[in-house]
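Here's the letter readout for the chains.
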Amino acid sequence: MDFVSTELERRGVPSALVSNRGIEVKTEKQMQKRREELKKILAENEYGTLPSRPEHLRVEKKPGIPNFCAGKVTSESLDFVCTVDGVEFSFPVRSAIPKSDKKVPAFVHINFSANTPDHFQPTEEITDRGFAVFSFCHSDVTADNGDFKDKCAAYLGPSRRKKNASGKIMMWAWAAMRVMDYIETLPEIDAENVAVIGHSRLGKTALVTAAFDERFKYAVSNDSGCSGAAISRGKTGESTERITQSFPFWFCPRYKDDAEAQSKCFDQNYLTALIPPRHLLVGSAEDDAWADPKSEFLGCASANSVYGIYGMKGLVYGEDYPEAKTVLADGDSFYHVRKGPHFLSREDWNVYMDFIESKMSGR
Ligand code: GTR
């Protein structure tokens, strides 16, 4: 048994590969069924249900930024007008697409600000490497607080009185899926190679987006920590008890109200298990003790059992937890831990883009 399996067992992490009926999942067909069970467990107990697709989506273009990135990039300010249950509401998105005669891969960046480039999104470096980036600010979808009447939240999901009502993370994930709806209509984008990326609470959101929407080929979780990539059992820093006290609105009511029972029935490996056979990319920062790099690494490596079902390698790692400045990029999933604090830096973007490029050329 390698050290990851030993650690998962020592922490008492339940296997994501035992079905609700107690059957061990071994084939792709069984995994297809298990995926539905895993999504249901996470929706009912942690993030809340995924709101339904809008009946209609209309994307309105506002004047973009002329000569953006020295004229190399087309940038547009977009308004995503969604109709749900006959009601129209909208949220803004900004696109930056490098001018190219070939289809380009893209990121959907769930961001903390609408005004990009910003300190978490080096747009020109991203587009210079041939990637488009579509970004939106999470609080333009709905406020990062307990106000469930704010903006899109007023129209999405059941009322907070329901134990499985959608939390804010699920609503932001729903918005990222709408961006994918639009990307699929754009001839200049290679829709087979779209990544969803986010940092911290939005790293949790990026994982949930890709877990519930298989159109995303790459799930990029940067410093997502508790209730993101990090295994909860045995985790140091932030705990599920703590996060549900500070940020109950990120989740469904049941995550807080029934935390003790819930912690017995699943862990974050149920979330990372939903990414294979697509690519899971997890980034940590050495000084980010609150997120706990070791537990994030474990959450990433735990998906290897699922990659195995697809005959894939998953994460290729050594004999112990990786030290700072380690990049593990030889498998089908990716992990890196850089020096420094909690942040989404250019260094993070660059290693993610290196890995995605290697997978694209290996097609
Ligand atoms: C912290 C929270 C973390 C993390 C972070 C962030 O306060 O405890 O789970 O998500 O916020 O999003 O910046």
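Preceding block: the structure.
### Side note on the overall build of the protein
- Helix and strand content of the protein: 13 helices and 10 strands.
- Relative to the compact-globule value of 21 Å for 363 residues, the protein shows a C-alpha radius of gyration of 19 Å, a close match.
- Considered along the principal axes of its C-alpha atoms, the protein spans approximately 55 × 45 × 40 Å.
- The buried share among the 363 residues of the protein stands at 58%.

### Considerations on the site of the ligand
- Close to the ligand lie Ser200, Arg201, Lys204, Glu238, Ile243, Phe247, Trp250, Trp290 and His342.
- In the environment of the ligand, an oxygen atom lies 2.7 Å from a nitrogen or oxygen atom belonging to the side chain of Ser200.
- For the ligand, an oxygen atom lies 2.5 Å from a polar atom in the side chain of Glu238.
- When the free accessible area of the ligand is taken as 310 Å², the share hidden by the protein chains comes to 80%.

### Some points on the nonpolar core
- Of all hydrophobic cores here, the largest spans 89 residues; its most connected members are Phe91, Phe134, Phe136, Val179, Ile189 and Phe297.
- Per-element accounting of this core gives the leading share, 13 residues, to helix 5 (residues 168-183).
- When residues no more than four places from it in sequence are discounted, the contact partners of Val179 are Phe80, Phe91, Val93, Val108, Phe134 and Phe136.
- Core analysis: the second largest hydrophobic core is formed by 23 residues, Cys69, Ala96, Tyr218 and Leu281 among them.

### Remarks on helix 6 (residues 201-212)
- Spanning 12 residues, helix 6 covers 17 Å between terminal C-alpha atoms, matching the ideal 16 Å at 1.5 Å per step.
- Turning to helix 6, its buried residues number three or more, namely Leu202, Gly203, Lys204, Thr205, Ala206, Leu207, Val208, Thr209, Ala210, Ala211 and Phe212.

### What about the sheet that holds strand 1 (residues 56-62)?
- Read across the open sheet, the 10 strands follow the order 1-2-3-5-4-6-7-8-10-9; overall the sheet is mixed. Each edge of the open sheet carries a strand with a single partner, namely strand 1 and strand 9 (326-328). Averaged over all neighbouring strand pairs, the angle between strand axes comes to 20°, with direction disregarded.
- In this sheet, strand 2 (residues 73-84) lies alongside strand 1 in antiparallel orientation, the contact comprising seven bridges. Bridging from a neighbouring strand, Val59 pairs with Phe80 of strand 2.
- Each of strand 4 (104-111), strand 6 (189-199), strand 7 (218-222) and strand 8 (279-285) is contacted by helix 6, which is oriented at about 145° to strand 6, the strand it contacts most.

### Focus on the packing of helix 5 against helix 6
- Put simply, helix 5 and helix 6 touch, their axes get as near as 8 Å, and they point 60° apart. Judged by the inter-axis angle, helix 5 sits oblique to helix 6. Seen along the crossing, helix 5 lies across helix 6 with a hand that is right-handed. Counting all contacts with helix 5, which are made through Ile169, Met170, Trp172, Ala173, Ala176 and Met177, the residues of helix 6 involved are Arg201, Leu202, Lys204, Thr205, Val208, Thr209 and Phe212.

### Digging into the packing of aromatic side chains
- In the structure shown here, the tally under the stated rule is 25 aromatic pairs.
- Between Phe251 and Tyr255, the ring centres sit 4.7 Å apart and the planes meet at 55°, which makes this aromatic pair tilted. With respect to class, Phe251 is no different from Tyr255; both count as buried.
- Between Phe297 and Tyr317 the ring centres are 5.7 Å apart and the planes differ by 85°, which places this aromatic pair in the edge-to-face class. Here the residue Phe297 occupies a position in helix 11 (residues 293-301), and Tyr317 occupies one in the loop between helix 12 (304-309) and strand 9, the gap between them amounting to 20 residues.
- Clustering of aromatic rings is evident, with ring pairs tying together Tyr47, Phe247, Phe249, Trp250, Phe251 and Tyr255.
- Over the face of the ring belonging to Phe148 we find Lys168, whose NZ or CZ atom lies 4.8 Å from the ring centre.

Scoring rules and cut-offs
Residues numbered from 1 in each chain as written. Predicted model: local features only at pLDDT ≥ 70, side-chain atom pairs only at ≥ 80, totals over all residues. Heavy atoms only, no water. Helix = DSSP H or I, 4+ residues; strand = E, 2+ residues; numbered from the N terminus. Rg over C-alpha atoms; globule rule 2.2 N^0.38 Å. Buried < 20%, exposed > 50% of the residue type's maximum accessible area, 1.4 Å probe, protein only. Near = heavy atom within 4 Å. Polar contact = N/O pair within 3.5 Å; in protein donor to acceptor, adjacent residues only side chain to side chain. Areas by Shrake-Rupley, 256 points an atom, 1.4 Å probe, with all protein chains shown as cover. Core = buried A, V, L, I, M, F, W, Y, C linked by side-chain atoms within 4.5 Å. Contact = heavy atoms within 4.5 Å. Expected span 1.5 Å × (residues − 1). Pairing = 2+ DSSP bridges. Axes fitted to C-alpha atoms, helices over the stretch in contact; angles between N-to-C directions. Parallel < 35°, antiparallel > 145°, perpendicular 65-115°, else oblique. Left-handed = near helix turned anticlockwise from the far one by under 90°. Phe/Tyr/Trp six-rings, centres within 6.5 Å; stacked < 30°, edge-to-face > 60°. Lys NZ or Arg CZ within 6 Å of the ring centre and 35° of its normal.

Geometric descriptors of this kind do not, in isolation, establish any biological role.
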